[in-house]
Amino acid sequence: MARVLGGIGASHAPSMEHVYDAGEETRRNEEWEPLFGPFQEVSEWLGELRPDRLVVIYNDHMDEFFLNAYPTFALGVADEYPIADEGFGARPFPPLPGDSRMGWHIARSLVADEFDPTICQELEVDHGVISPLPMVDFSEGDGQWRIPVVPLAVNVILHPLPTPRRCYKLGQALRRAILSYPEDLGVVVVGTGGLSHQLTGPRFGRVTPDWDQEFMRLLAEDPESLCDYKHEDLIKLGGTESVEVVNWLAMRGALPREAKPIVKAYYAHKIMGYGLEAFAAAQ
Amino acid sequence: MLNESTATELTEDYLARLDAVRPRDLPEDLDLFDEETATRGLRLNKAAYSLKEAEQRELFARDENAWMDQFGLTDKERELMRARDWIGLWRAGMSIYVMVKLSGVTGVPLPEIGRQMRESG
């Protein structure tokens, strides 16, 4: 049977793509080392852990899904996921390898569990997936992704949004789906987004480091308490766009309660509170 | 037909449930992309969303008016577009995520949009 080996919470942002694409020197300069250094640690940890699959819980930014039909939850069941053109030309990565068989299994298990995602046989992934992913899973030497992914998108854009508690429970249902998969595969669950940021209105650019760090602490020590936060609370604490942290909460729901953070980094810089928190699940 | 007290109970129950998904006490300078915004902004959002396609970006660069003609924009919306009035576009219901695509074709970087946003307060 498949196992959940651990989880990663990571911010996603176009700025991270610009830094990554600028090359090793920029990634390790004084400005970006506080974020990319810890990403390197996570990459090394994954290199030792050698998971067979990543389930990536993220949100799209109107690059695949649009307002004509906006899914609350959407699950990829494809064998590859092309990189979306977000309006500037797609980044030059090969499509992410997928695992349609595991995707369909998760779809059946979630629906049997009364979670009803939109099922996607074709899905282009945007920076919600591929801004953090190269830092943990891309071999620049041979220009290939290493680990097949199953993407799971959450609506954090068009209100009404699924509640934080619902997202945590989705993660718990995802865990049941993974543990019931008949192949002996190790899975790491990734949740992307946040932390504090505000991209609209007079508060543009506001970050709130105290809250971000409290969120990361609660996520590790008392994730259920975060289920009591409403979107309204998250927006007041971290900004309108910070509600993306529900993706982290869903990731945490897929981990055992006693999972411990092994890499934890926070870097408030310019208009983003960047966070990275990797959890190991004891086997 | 529901009798009146049942209808009242159902309404109260609905309002209680709604509390979980509808932020209601936000300060005025915090926005939401919700029913009102999405309804108001659909034309503008469709227009800016189209810029995912390289052909649409080329058309925008070649003939901005012809590009706008495709989306049934109102005169006011066309004016906001032409003026690169980012606050105005936001207030007219344009989502930040498609605004970023418009930022790409107009060559106005996000920090400049941000500056306008901040100064709107």
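Calculation criteria
Residues numbered from 1 in each chain as written. Chains lettered and ligands numbered in written order. Predicted model: local features only at pLDDT ≥ 70, side-chain atom pairs only at ≥ 80, totals over all residues. Helix = DSSP H or I, 4+ residues; strand = E, 2+ residues; numbered from the N terminus. Rg over C-alpha atoms; globule rule 2.2 N^0.38 Å. Buried ≥ 20, exposed ≤ 12 C-beta atoms within 10 Å, placed from the backbone. Contact = placed C-beta atoms within 7 Å. Pairing = 2+ DSSP bridges. Core = buried A, V, L, I, M, F, W, Y, C linked by C-beta atoms within 7 Å. Expected span 1.5 Å × (residues − 1). Axes fitted to C-alpha atoms, helices over the stretch in contact; angles between N-to-C directions. Parallel < 35°, antiparallel > 145°, perpendicular 65-115°, else oblique. Left-handed = near helix turned anticlockwise from the far one by under 90°. Nonpolar A, V, L, I, M, F, W, Y, C, P; charged D, E, K, R; others polar. pLDDT = per-residue confidence, 0-100. Bend = angle between axes of the 7 residues up to and from the residue.

**As for the overall build of chain B**
Across its full length, chain B holds eight helices and zero strands. Moving toward the C terminus, one meets the helices and strands of chain B in the order α-α-α-α-α-α-α-α. The C-alpha atoms of chain B give a radius of gyration of 19 Å, which is well past the 14 Å a tight globule of 121 residues would have. Structurally, chain B occupies a C-alpha span of about 60 × 35 × 25 Å along its principal axes.

**A word on the overall build of chain A**
Secondary structure assignment for chain A yields eleven helices and twelve strands. Relative to the compact-globule value of 19 Å for 283 residues, chain A shows a C-alpha radius of gyration of 17 Å, a close match. Along the three orthogonal principal directions, the C-alpha set of chain A runs to about 45 × 45 × 40 Å. A burial count over chain A gives 55% of its 283 residues as buried. A sequence separation of at least 24 residues applies to 82% of the contacts in chain A between residues at least 6 apart.

**A closer look at the pairing of strand β12 (residues 272-280) of chain A**
Residue and element names in this part refer to chain A. Counting buried positions along β12 yields eight of nine residues, so the element is predominantly enclosed. In this sheet, β12 lies alongside strand β1 (residues 3-10) in antiparallel orientation, the contact comprising five bridges. Bridge assignment links Gly-7 to a residue of β12, and that residue is Phe-279. From the end of strand β11 (residues 260-269) to the start of β12, which pair antiparallel, there are two residues, and Lys-270 there has a positive phi angle of about 50°.

**Quick notes on the nonpolar core**
Grouped together as the largest cluster of nonpolar side chains are 118 residues, with contacts concentrated most on Val-55, Ile-57, Val-189 and Val-190 of chain A together with Met-99 of chain B. The element that contributes the greatest number of residues to this core is helix α7 (residues 164-179) of chain A, accounting for seven residues. Here Met-99 of chain B is in contact with Ala-48, Trp-86, Leu-89, Met-94 and Ile-113 of chain B, once residues within four sequence places are set aside.

**Things to note about helix α1 (residues 4-18) of chain B**
If you check α1 of chain B, its first and last C-alpha atoms are 21 Å apart, about what 15 residues at 1.5 Å a residue would give, namely 21 Å. For α1 of chain B, the buried fraction is low: zero of the 15 residues fall into the buried class.

**Thoughts on the packing of helix α2 (residues 35-49) of chain B against helix α7 (residues 96-106) of chain B**
All names here are of chain B. Where α2 contacts α7, the two axes come as close as 8 Å, and the packing angle between them is 45°. Here α7 runs oblique to α2, going by the angle between their axes. In terms of crossing hand, the pair formed by α2 and α7 is left-handed. The residues of α7 that touch α2, namely those facing Asn-45, Ala-48 and Tyr-49, are Val-98, Met-99, Lys-101 and Leu-102.

**Some words on the pairing of strand β10 (residues 186-192) of chain A**
Residues and elements named next belong to chain A. When you tally the buried positions in β10, you get six out of seven residues, the bulk of the element. Of the pairings in the sheet, the one linking β1 to β10 comprises seven bridges and is parallel in character. In the sheet register, Ile-8 faces β10, and the bridge partner there is Val-190. Relative to β10, strand β2 (residues 53-58) runs parallel, the two sharing five bridges. Residue Val-55 lies in a different strand from β10, and its bridge partner there is Val-189.

**Side note on the sheet that holds β11 of chain A**
All names here are of chain A. Sheet architecture is open: eight strands sit in the order β6-β3-β9-β2-β10-β1-β12-β11, paired in mixed fashion. Of all the strands in the sheet, the pair left with one neighbour each is β6 (118-120) and β11. Going across the sheet, the axis of each strand differs from the next one's by a mean of 15°, ignoring polarity. Set on the sheet, helix α3 (residues 33-49) makes contact with β1, β10, β11 and β12; between it and β11 the angle comes to about 155°.

**A few points about the interface of chain B and chain A**
Across the boundary between the two partners, chain B contributes 32 residues, which contact 28 residues of chain A. Only α2, α7 and α8 (110-119) of chain B provide two or more residues apiece to the side of chain B that touches chain A. Here the side of chain B that touches chain A takes six residues from α7 of chain B, the largest share from any one element. Residues that form the side of chain B that touches chain A fall into these classes: 17 nonpolar, six polar and nine charged.

**Let's talk about the confidence of the model for chain B**
When pLDDT is low, close inspection of the predicted coordinates is not appropriate. On average, residues of chain B carry a pLDDT of 93, and 98% of them reach 70 or more. Interface scoring of the predicted complex returns ipTM 0.94; its pTM is 0.97.

**Describing the environment of Ser-95 of chain B**
Here Ser-95 of chain B shows up in the loop between α6 (86-91) and α7. On the basis of neighbour counts, which here come to 26 C-beta atoms within 10 Å, the residue Ser-95 of chain B falls in the buried class. Residue contacts for Ser-95 of chain B: discarding those within four places in its chain leaves Met-62 of chain A together with Phe-33, Gly-41 and Asn-45 of chain B.

**Let's talk about α2 of chain B**
All names here are of chain B. Taking 1.5 Å as the rise per residue, α2 with 15 residues should run 21 Å; its terminal C-alpha atoms sit only 18 Å apart, a clear shortfall. A bend of about 65° at Leu-42 is the largest found in α2. Thr-37, Gly-41, Leu-44, Asn-45, Ala-47, Ala-48 and Tyr-49 are the residues of α2 that are buried. Here the buried face of α2 lies against α4 (64-69), α5 (75-82), α6 and α7.

**Topic: the packing of α7 of chain A against helix α11 (residues 246-253) of chain A**
Residue and element names in this part refer to chain A. Orientation of α7 relative to α11, taken along the N-to-C sense of each, is 35°, at an axis distance of 6 Å. Remark: the crossing between α7 and α11 carries right-handed chirality. Seen from α7, the contacting residues are Pro-164, Cys-167, Tyr-168, Lys-169, Leu-170, Gly-171, Gln-172 and Arg-175; seen from α11, they are Val-246, Leu-249, Ala-250, Met-251, Arg-252 and Gly-253. Partitioning the contact of α7 with α11 into residue classes produces eight nonpolar, three polar and three charged.

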